[in-house]
Amino acid sequence: MLNFFDILQDIFLFFSKSAPRWASLALGDDVAKTVLKKVCTTRWESQHNAVFALKHRYRDVLKSLTNITLTSDKKEEMNRAKGLKKKLESFEFVLILTIWEHILRPFYMVYKKLQSIDSNLDNACECLKSAISIIQNLREKYEELVASATNLCNSWGIFVKNNQHRRIYSKKFYGDLDGDKIQDITEENLRVKVFLPLIDTALVQLNNRFIGLQKVVDKFNFLNPHVILQSSEDNLVKATYDFILYYEKDISSDFTRQMLSLKEFIIDSLSSMKTIKDLANYILENDMASLFKDILTACIIFISLPVTVASAERSFSKLKIIKNYLRNSMGQEKLSNISILNIERSRTKELNVSKIIDDFANQKARKKNVCK
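Fair warning: this is a prediction, and the values are worked out from it, not measured in the lab. Numbering of residues starts from 1 in every chain and runs along the sequence as written. Residue-level local features of this predicted model are given only where pLDDT is at least 70; pairs of side-chain atoms are given and counted only at 80 or more, and the full residue set underlies all totals for whole chains, interfaces and linings. The side-chain values count all of the structure's non-hydrogen atoms but skip hydrogen atoms and water molecules.

1. A short note on the layout of surface pockets
A pocket here means an open set of points on a 1 Å grid, computed over the protein atoms alone, that has protein on both sides within 12 Å along at least five of seven lines. A cavity is instead a set of points where a 1.4 Å probe fits but cannot get out; residues with an atom within 4 Å of a point line either one. Grid points are joined across faces, edges and corners, and a volume is the space filled by probe spheres set on the points. What the second largest pocket holds in volume is close to 400 Å³. What lines the second largest pocket is a set of 17 residues, among which W44, W100, F107, A202 and Q205 lie closest to the centre. Put simply, DSSP H or I for four residues or longer makes a helix, DSSP E for two residues or longer makes a strand, and each gets a number counted from the N terminus. At the level of elements, helix 3 (44-56), helix 6 (91-114) and helix 9 (187-209) are the ones that each hand at least two residues to the lining of the second largest pocket. Of all the elements, helix 9 adds the most residues to the lining of the second largest pocket, at six residues. Under the convention adopted here, Pro, Cys and the residues Ala, Val, Leu, Ile, Met, Phe, Trp and Tyr are nonpolar, Asp, Glu, Lys and Arg are charged, and Gly plus all remaining residues are polar. Taken together, the residues of the lining of the second largest pocket sort by class into ten nonpolar, five polar and two charged.

2. With respect to the UniProt feature "coiled-coil region" (unreviewed entry) in the protein chain
UniProt positions are given in the numbering used here, feature names are shortened, and annotations may be inferred rather than shown by experiment. The sites that UniProt annotates as "coiled-coil region" (unreviewed entry) are residues 128-155. Along residues 128-155 one finds 89% helix and 0% strand; the C-alpha atoms at either end are 35 Å apart.

3. Some remarks on helix 13 (residues 255-265)
The cut-offs for exposure are 20% and 50% of the maximum accessible area for each residue type, with area from a 1.4 Å probe on protein chains only; residues under the lower value are buried, those over the upper are exposed, and the others partly exposed. When we look at burial in helix 13, the residues that qualify are F255, T256, Q258, M259, L262 and K263. Down the axis of helix 13, the sector holding all buried residues measures 165°, keeping them to one side. Facing away from the buried surface of helix 13 by more than 90 degrees, the exposed residues are E264 and F265. Two residues qualify as a contact provided that any one of their heavy atoms is within 4.5 Å of a heavy atom in the partner residue. Looking at the buried residues of helix 13, the elements they touch are helix 11 (225-230), helix 12 (233-246), helix 14 (267-270), helix 15 (276-285) and helix 16 (293-304). Think of it as the arc spanned by the lines of direction from the helix axis to the C-beta atoms.

4. Quick look at helix 6
Each helix should span, by expectation, one fewer than its residue count multiplied by 1.5 Å. The end-to-end C-alpha distance of helix 6, which contains 24 residues, comes to 35 Å, matching closely the 34 Å that a straight helix rising 1.5 Å per residue would cover. Taken across its 24 residues, helix 6 has 19 buried, putting it largely inside the fold.

5. Points about the environment of T66
In this fold, T66 is placed in helix 4 (residues 58-71). A C-alpha to C-alpha distance of 9.4 Å links T66 and M78, two positions twelve residues apart in sequence. Setting aside its immediate chain neighbours within four residues, T66 contacts K85 and W156. For this analysis, a polar contact is any N or O atom pair within 3.5 Å, provided that within protein one partner can donate a hydrogen and the other can accept it, and provided that sequence-adjacent residues contribute only side-chain to side-chain pairs. One polar contact links the side chain of T66 to the main-chain carbonyl oxygen of L62, over a distance of 2.7 Å.

6. Describing the packing of aromatic side chains
Stacked, tilted and edge-to-face pairs are distinguished by plane angle, under 30 degrees for stacked and over 60 for edge-to-face with tilted covering the rest, among Phe, Tyr and Trp rings (Trp via its six-membered ring) whose centres lie within 6.5 Å. Scanning the model with the defined rule gives 14 aromatic pairs in all. Between the aromatic rings of F14 and F15, the centroid separation amounts to 5.3 Å while the plane-to-plane angle is 85°, which identifies the pairing as edge-to-face. Residue F14 shares its accessibility class with F15, and that shared class is buried. Geometrically, the ring pair formed by F222 and F243 is edge-to-face, given 5.4 Å between the ring centres and 65° between the ring planes. In this pair, F222 is assigned in the loop between helix 10 (211-220) and helix 11 and F243 in helix 12, connecting sequence segments 21 residues apart. A residue is classified by how much of its surface remains accessible, and F222, at 7% relative accessible area, is buried. A relative accessible area of 4% means that F243 is categorised as buried. Within the aromatic cluster, the residues linked to one another by ring pairs are F220, F222, F243, Y246, Y247, F255 and F302. Geometrically, a lysine NZ or arginine CZ counts as sitting over a ring once it is within 6 Å of the ring centre and also within 35 degrees of the ring normal. Just above the ring of F14 sits the side chain of R21; from NZ or CZ to the centre is 4.4 Å.

7. Brief notes about empty space enclosed by the protein
Throughout the structure, instances matching the rule amount to one cavity of 30 Å³ or more. Along the walls of the largest cavity sit L8, I11, F12, L36, K37, A50 and L54, which together make up its complete lining. For the lining of the largest cavity, the secondary-structure elements that each account for two or more residues are helix 1 (4-16) and helix 3. By residue number, the principal contributor to the lining of the largest cavity is helix 1, which donates three residues. Classifying every residue of the lining of the largest cavity by side-chain character gives six nonpolar, no polar and one charged.

8. Comments concerning the pattern of salt bridges
What makes a salt bridge here is a side-chain nitrogen of Lys or Arg within 4 Å of a carboxyl oxygen of Asp or Glu, nothing more. The final tally for this structure, using the stated rule, is eight salt bridges. A salt bridge links D60 to R57; the nearest nitrogen and oxygen atoms lie 2.7 Å apart. In this structure, the salt-bridge partner of K85 is E89, at a minimum N-O distance of 2.9 Å. A residue is classified by how much of its surface remains accessible, and K85, at 17% relative accessible area, is buried. Connected through salt bridges with shared partners, the residues K55, E101 and R105 form a single ionic network.

9. Some points on the environment of V51
Here V51 shows up in helix 3. Setting aside chain neighbours within four positions, we find V51 in contact with F4, F5, L8, L97, W100, E101 and L104.

Printed below as a string of structure tokens:
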């Protein structure tokens, strides 16, 4: 299990470093769809792509390695091909390949959803919960994975049997127990000593890595429209008080009154909203930003938090630094000009912005295009 991804990377490098060897994989009609992928230790998507590609092209890779061992006139290339072929023609390797592909498959879907421009912390937590649930269910599907690995082995003629390996002990001294013993590597040993520890490690890493993410979601959870509708006045007041105490430098004491007013004012519209982003859009579209200023601030901060950090709590303080910098760096003259543009917005809409930019560029540019 520890050497699996090293073997995966060795296979990719063996074929990718030689154009003839890479071309030898051009067998079958699906060559344009699936090629061997490089393993990246920090990207779930990369790891799944590499595992899936090898599993999908398993027979083609073995065919190419067999052809190289029989026809190659380079001793080093032939020896490397023999070594890789021997590692691939093992039931244990095929089983681990199948296990990893099923474990990384939900991570691939999570990775894609987290990279979406519409993703937020709520979506991130839901995706992660789904991935955790899928991996937990894999604990009961070991027999299915063994059957899938067996079918892949049978497609190449690999004999599935219980191999025996000698466990190496330290030198035996007087009074010690027996030294060398034969250990049967059975399916039960693979399940107990390989499969289950891998599943448990993945679950522990997932839960520990995103603790900060879940804490932030819990703090902002009362802003969800369906939670606002279902919460009583006392619960809503308590949630807002806790939020004000935690973010006292950014949220004013008027936040509680705004939340209670919001619930009474748009109670009919809340049922059609699903996310905090929908609530923020509703406030902006109906020109209620001045009435629910603190609510809008909290919603925008939650939407702006990145979903790919291990601890999302840190991002809140970074966002405050950026906000304070922008506030302090914008002088009175710039604010006055923005106010004038807003007051005269009817005339501002008539301005030809493209022409203004071109005129400004022509005046400031050191070189002009005389051919234009």
